[in-house]
Amino acid sequence: MDQVIIVRYGEISLKGRNRGFFEDKLVDNLRLRLQEYPNLSFYKRDSRIYIELNGTPAEPVLTKAAVVFGVVSLSLATRCSTRFEEITAVAVAETENALKREKIKTFKAQAKRGDKKYPLDSQEIGREIGACILRHFDGQLTVDVHHPDLTVYVEVRDYAYVYSQKVPGYGGLPYGTSGKGLLLLSGGIDSPVAGWMMAKRGLMLEAIHFHSYPFTSERAKEKVEELARILSLYCRRIKLYHINLLEIQTAIREKCPEELFTILSRRFMMFIAARVAAHNHCEALITGENISQVASQTLQSLHVTNAAVDIPVFRPLIAMDKMDIINIAEKIGTYETSILPYEDCCTVFLPKNPATKPRLDKVLTYESALDKEALIKNALDGLECKTITP
Amino acid sequence: MEIYLDNSATTQPLAEVIASVNHMMAENYGNPSALHRRGLEAEHAVKKARSQVSALFNTGNHDLIFTSGGTESNNLAIFGSLATARDTSRPLVTSSIEHPSVLNIFKHLEKIGRKVIYIRTDPQGFVDLEDLKKALDEHPALVSIMTVNNEIGSIQPIAEIARLIETSDNKPVFHTDAVQAFGKIPLQSTAVDLMSVSAHKFHGPKGIGGLFVKKGFRLAPIMFGGGQETNLRPGTENTPAIVGMGTAAAWAESHLSENMDKLNQLKAYLINGVTNEIPGVRINSPVSPRFAPHILSISFKGIRGEVLLHSLEQDGIYVATRSACSSKKKSRNHVLDALQLTPDEAEGTIRISFSSFNRQEELDYVIEKMKHHVASIRRITGWRG
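Residues numbered from 1 in each chain as written. Chains lettered and ligands numbered in written order. Predicted model: local features only at pLDDT ≥ 70, side-chain atom pairs only at ≥ 80, totals over all residues. Heavy atoms only, no water.

**Considerations on the overall build of chain A**
Now for step 1: For chain A, the helix and strand inventory stands at 13 helices and 15 strands.
Now for step 2: For chain A, the spread of C-alpha atoms along the three principal axes comes to 85 × 35 × 35 Å.
Now for step 3: Buried positions account for 53% of the 390 residues belonging to chain A.
Now for step 4: In chain A, of all internal contacts separated by at least 6 residues, the share reaching a separation of at least 24 is 80%.
Now for step 5: If you sum the accessible surface of chain A, you get close to 17,900 Å²; carbon and sulfur atoms cover 51% of it.
Now for step 6: One finds the centroid of the 51 positive side-chain charges in chain A at a distance of 3 Å from the centroid of its 48 negative side-chain charges. (Helix = DSSP H or I, 4+ residues; strand = E, 2+ residues; numbered from the N terminus. Buried < 20%, exposed > 50% of the residue type's maximum accessible area, 1.4 Å probe, protein only. Contact = heavy atoms within 4.5 Å. Areas by Shrake-Rupley, 256 points an atom, 1.4 Å probe, with all protein chains shown as cover. Lys, Arg positive; Asp, Glu negative; His and termini not counted. Charge placed at Lys NZ, Arg CZ, Asp CG, Glu CD.)

Now the structure itself:
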């Protein structure tokens, strides 16, 4: 009899011939996330991953494994032989533990038979185990097959596994199975969520932040580094690039109409991000843009921004409502940092009435008045790079 | 190069302060309440520090209680004196330009039902005495008015205020927050009942301050414990910080007039340089006996104070500002509002606060850098004068 954690991963099991690649990556990611627990051992079987605890406390392992992308759910299970008497004893013990933990009046036993040669079928195993539990806790528990307070799961495979709880994971694909993208990370609520969502689909993240120090404060930079650190809890480590946009913003301010300031700044961010991406083998840009949230995110503005680069730009939040974005930000732990007051663009620059329907030809005309290449080169020359880890 | 001009926020501790704190931690570590020799030695050190700090407010009519700093002193003064006054219908009086550690106490008291009268200030930053007279006619229980304002350095007419209070019927308690004054300017008014001070504003350690309490004044504690500080501030004494405060006070006392002259010279020099070199400037704290010598508030038109602060920081020059460059939170500044600055002036206001360790040559560099940065910020904000 041992304690094991069952890790379920859903979607990966659908991957045809690439399935092994995805599974191996998930095991690797789990090992890395749990490397501080040297006694754990991992094996793949039955389209799931088992983690043998070998005496390691289960709680922290469950908590940490639950945030590994690709994990759909986890259960702490007792593994025993398939001898019926032993399964029954373990199921009774599991029920006993659950009773100590919470107030339970009704239960059901639900069985699954992986080993088709087992003398009882799933229905029969469930019924028999249920009967044993009922006898053991006579008067204390009754059976309710529809809405039980407690479900005792029994799985009979080469071993039997008994558990009663499922911890949900985030799902998605194992981190690093979908290539690498560069996240435009501001200090706001949206961009960390956008990065997290793409990372959940297996994309490795690097991040780029644009500031205009001394028109913005060093605390704004630190805030972004803290956001990157929170993301690195899911991504192991994140390379973060800082770019100072002040010279570019000053030039735009001097030479272009005020209402186009934001959209032109956005285009320069895209130019610079695309070059940093190419240089660091990132195959996509990721932004937190959200249709019509602000003037620079109307359909016309997005068109003008998007036309700055050839590289794919992913905007996972494009159709989400702000409240839903905030809910994710709270869940992943970036919200509290995002709402700190330090901003990454000084209000000195912000136009009073930004254009909501900029025209690309007009924007290009004004842009050509700027020494674009020199401005981009100067900004890139000042690039600072930091590797952020949890 | 590092030029630290934020001495109203905090000062660098003197070398002898650091040495005395170190000595108390390494050698004289006893508990002053202990009966043995170690305790006695610590008690002697605290006693000496108490007399050193008291020497800066040498009225012979006040006792000093050590606290954790200005905020605690203000809380003890206000809550501690209200606790002994039964009639809660009497209003409370304060000024509109107090430090948050006083203003927020009154906001809290308002919330729980006390009437609070806020005395206006004139555009130079001095409380309006006519307004105060009117408030005194309402028989307040307590008046709390700061000695030196922390943002512009105006010295409030404490002696006159005390006289008005003395002659009012049903005399209220008079408290003054002297955190920015103590150790910087002479303080002699014997009329105040309670006065808050803090060590780290005059080259002492952080986390230590004091409350002067007039002899015979009935103050109630706001914390309860083992009887230290005549039961008004129980808890084992912070002996290293107390002794550090004593050392800093002794230095401040022996250098008081010399330091004042030096600070006024520095201030005059910088005002002169800035007004000659930079257009569109308003000096909110002139060199005058009515202004503290170490605080200089300047408003620059067409800039953001915070941007100038970060620009100067790149050159190793540290100053302060209150108006934050934030589109979300336009936090209005209650002091600058009281001075009737235009929003543009308020936003472009920085505070320079000297210590007597600053040198005139440093200010040449500051003026040069300030001129350069103000001009380049104005190019971006489009201010043409």
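**Focus on the packing of aromatic side chains**
Residues and elements named next belong to chain A.
Now for step 1: According to the stated counting rule, one finds 18 aromatic pairs over all chains in the structure shown.
Now for step 2: Centroid distance Phe-69 to Trp-196: 5.6 Å. Interplanar angle 75°. Geometry classified as edge-to-face. Remark: Trp-196 occurs in helix α5 (residues 190-200) and Phe-69 occurs in the loop between α2 (58-66) and β4 (73-80); sequence separation between them is 127 residues. Trp-196 matches Phe-69 in its accessibility class, with the two residues each being buried.
Now for step 3: Ring geometry for Phe-268 against Phe-271: centres 5.4 Å apart, planes inclined by 85°, an arrangement best described as edge-to-face. With Phe-268 and Phe-271 both in helix α8 (residues 261-279) and three residues apart, the pair spans about one turn of that helix. Summarising the burial analysis for this pair, Phe-268 and Phe-271 share the class buried.
Now for step 4: Joined through ring pairs, the aromatic side chains of Phe-69, Tyr-170, Trp-196 and Tyr-234 make up one cluster. (Phe/Tyr/Trp six-rings, centres within 6.5 Å; stacked < 30°, edge-to-face > 60°.)

**Overview of the domain arrangement of chain B**
Often, the extent of an interface is quoted as the loss of accessible area upon association of its parts.
Residues and elements named next belong to chain B.
Now for step 1: Taken domain by domain, chain B holds domain 1 (15-254) and domain 2 (255-379).
Now for step 2: For domain 1 versus domain 2, the separation of C-alpha centres amounts to 28 Å.
Now for step 3: The interface is formed by 28 residues belonging to domain 1 together with 27 residues belonging to domain 2.
Now for step 4: Taken together, the two surfaces of domain 1 and domain 2 that pack against each other cover about 2,400 Å², and 60% of this comes from carbon and sulfur.
Now for step 5: Scanning the region where domain 1 abuts domain 2 turns up zero salt bridges.
Now for step 6: The tally of links between domain 1 and domain 2 comes to 11 residue pairs in polar contact (both at pLDDT 80 or more).
Now for step 7: In terms of residues, the side of domain 1 that touches domain 2 owes the most to one element, helix α7 (residues 239-254), which gives four residues.
Now for step 8: Residues of the side of domain 1 that touches domain 2, tallied by class, amount to 11 nonpolar, 12 polar and five charged. (Domains from an automatic or database assignment. Buried area = accessible area lost by both parts, 1.4 Å probe. Salt bridge = Lys/Arg side-chain N within 4 Å of Asp/Glu carboxyl O. Polar contact = N/O pair within 3.5 Å; in protein donor to acceptor, adjacent residues only side chain to side chain. Nonpolar A, V, L, I, M, F, W, Y, C, P; charged D, E, K, R; others polar.)

**Considering the sheet that holds strand β15 (residues 384-388) of chain A**
Now for step 1: Strand order across the open sheet formed by six strands is β14-β13-β10-β11-β12-β15 (chain A), with mixed pairing between neighbours. Each edge of the open sheet carries a strand with a single partner, namely β14 (313-314) and β15 of chain A. (Pairing = 2+ DSSP bridges.)

**Some points on the interface of chain A and chain B**
Now for step 1: In this complex, chain A contributes 16 residues to the contact, which on the side of chain B involves 15 residues.
Now for step 2: The junction of chain A with chain B conceals about 1,400 Å² of combined surface from both sides, 60% of it contributed by carbon and sulfur atoms.
Now for step 3: Across the contact surface, chain A and chain B share zero salt bridges.
Now for step 4: Linking chain A with chain B are three residue pairs in polar contact (both at pLDDT 80 or more).
Now for step 5: For the side of chain A that touches chain B, a count of residues per class yields eight nonpolar, four polar and four charged.

**Some points on helix α12 (residues 360-381) of chain B**
Now for step 1: With 22 residues, α12 of chain B extends 31 Å from end C-alpha to end C-alpha; this agrees with the ideal 32 Å at 1.5 Å per step.
Now for step 2: Looking one or two residues past α12 of chain B, Gly-382 of chain B carries a phi angle of roughly 80°, positive in sign. (Expected span 1.5 Å × (residues − 1).)

**Focus: the sheet that holds strand β9 (residues 281-283) of chain B**
Residues and elements named next belong to chain B.
Now for step 1: Strand order across the open sheet formed by four strands is β9-β10-β13-β12, with antiparallel pairing between neighbours. Taken across any chain shown, the strands that pair with only one partner, and hence form the sheet edges, are β9 and β12 (320-321).
Now for step 2: Bridge count for β12 against strand β13 (residues 349-353) is two bridges, and the pairing is antiparallel. From the neighbouring strand, Ala-320 faces β13, where its bridge partner is Arg-351.
Now for step 3: Against the sheet, helix α8 (residues 256-277) engages β9, β10 (295-300) and β13, with an angle of about 10° to β10. (Axes fitted to C-alpha atoms, helices over the stretch in contact; angles between N-to-C directions.)

**Things to note about the pattern of salt bridges**
Now for step 1: Scanning all chains against the criterion turns up 40 salt bridges over all chains.
Now for step 2: Here Glu-259 of chain A and Lys-362 of chain A are joined by a salt bridge, their closest N and O atoms 4.0 Å apart. Of this pair, Glu-259 of chain A sits in the loop between α7 (246-255) and α8 while Lys-362 of chain A sits in helix α12 (residues 360-368), and the two are 103 residues apart along the sequence.
Now for step 3: With relative accessibility at 31%, the residue Glu-259 of chain A sits in the partly exposed group.
Now for step 4: Taking relative accessible area as the criterion, Lys-362 of chain A reaches 37% and is therefore assigned partly exposed.
Now for step 5: Between Asp-128 of chain B and Arg-120 of chain B there is a salt bridge, and its shortest N-O distance comes to 4.0 Å.
Now for step 6: Asp-128 of chain B sits in the partly exposed class, given a relative accessible area of 25%.

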